[in-house]
Amino acid sequence: MAQYQPQGFSILPPAVKHLLIVNALAYLAYYVCYSQRIIDLNALLGLWNPNTGYFRVWQPLTYMFMHANFTHLFFNMFALWMFGNTMENFWGTKRFLTYYLACGLGAGLLTMLFPGSLTVGASGAVYGLLLAFGMTFPNEYIYLYFLMPIKAKWFVIGYAALELIQGLFYSYDGVAHFAHLGGMLVGLLLILWWRRNPFGRNPFQHFRN
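A short tour of the structure in this document, coming up. (Residues numbered from 1 in each chain as written. Predicted model: local features only at pLDDT ≥ 70, side-chain atom pairs only at ≥ 80, totals over all residues. Heavy atoms only, no water.)

Observations concerning the overall build of the protein
Test applied: The numbering of helices and of strands both runs from the N terminus, where a helix is a DSSP run of H or I of at least 4 residues and a strand a run of E of at least 2. Categorising residues by exposure relies on relative accessible area from a 1.4 Å probe, with only protein chains included: less than 20% of the type maximum marks a residue as buried, more than 50% marks it as exposed, and the intermediate range marks it as partly exposed. Whether two residues touch is decided by their heavy atoms; if any such pair falls within 4.5 Å, the residues are in contact. Surface accessibility in these figures is a Shrake-Rupley result with a 1.4 Å probe; residues are shielded only by whichever protein chains are displayed.
In terms of helices and strands, the protein carries eight helices and four strands. The order of helices and strands in the protein, counted from the N terminus, is α-α-β-α-α-α-β-α-β-β-α-α. For the protein, buried positions account for 43% of its 209 residues. For the protein, the share of sequence-separated contacts (at least 6 apart) that also reach a separation of at least 24 residues comes to 72%. Roughly 11800 Å² of accessible area belongs to the protein as shown, and the carbon and sulfur atoms make up 68% of that amount.

See below:
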């Protein structure tokens, strides 16, 4: 159980707030442009496999701000709000934003190794946040479907196992499962590196689980 309360707690810290705004504006721009048949921004800013011939150098960054539909956007932003608030308040804005973008980039690069078409969405970065929450607050409860309490560490392990199974056996269901796993993998490596980094304050030193 966490014993440390970060200073300056905010229910909507700056990085989370601006990420929510940017994602919402990006979806609005996509919807308007697509509905008016101006341009398909998802095709331009989403992530294509290099073998398709549509890949552009900016896509590993921009894809994580684009979404296929409102439901896709809503659930990713809900998870960003849910886990991102806690992690940004604990880590600080700079470290949080570094982590979020690194997970998103790593998720994109991993999914490019597998055959597929267009990938959009913040899910890779969000899965990285889920892993960070589970590693930082392993004994806190997450309420599955708002009803069933599960400790964060088991919730994360279960989701990772489910994504691996779905990625291996249901790879054509239209979901970028390996992008999710890529975000978690990059997040794990980054957190382990921070925990062993001798320079600066260790952000985990106040925790006794």
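So much for the structure itself; the text now carries on.
A closer look at the nonpolar core
In a soluble, globular protein the nonpolar side chains are often hidden away together inside. Which entries qualify depends on this criterion: Residue types Ala, Val, Leu, Ile, Met, Phe, Trp, Tyr and Cys, when buried and joined through side-chain atoms within 4.5 Å, form a set referred to as a nonpolar core.
L80, M87, W91, F96, Y99 and Y100 are the most contacted members of the largest nonpolar core, which totals 48 residues. Excluding residues within four positions of it along the chain, L80 makes contact with V16, L19, L20, N85, F96, Y100, V126 and L129.

Comments concerning the packing of helix α5 (residues 93-111) against helix α6 (residues 123-136)
Applied cut-off: Axes here mean lines fitted to C-alpha atoms, for a helix over just the part in contact, with angles spanning 0 to 180 degrees between N-to-C directions. In this scheme, roughly parallel covers angles under 35 degrees and roughly antiparallel covers those over 145, while 65 to 115 is roughly perpendicular and the rest are oblique. For any pair of crossing helices, the crossing counts as left-handed if the nearer helix is rotated counterclockwise from the farther one by less than a right angle, and right-handed if it is rotated clockwise. Put simply, Ala, Val, Leu, Ile, Met, Phe, Trp, Tyr, Cys and Pro go in the nonpolar bin, Asp, Glu, Lys and Arg in the charged bin, and everything else, Gly too, in the polar bin.
At their nearest, the axes of α5 and α6 sit 7 Å apart, and the two run at 125° to each other. Viewed along their axes, α5 and α6 adopt a mutual orientation that is oblique. Along this stretch, α5 crosses α6, giving a crossing that reads as right-handed. Counted together, F96, Y99, Y100, C103, G104 and A107 of α5 and G124, A125, G128, L129, L131 and A132 of α6 form the full contact between these two elements. Here the residues of the contact of α5 with α6 are counted per class, giving nine nonpolar, three polar and no charged.

In short, the description is geometric, and any link to function would need to be established separately.
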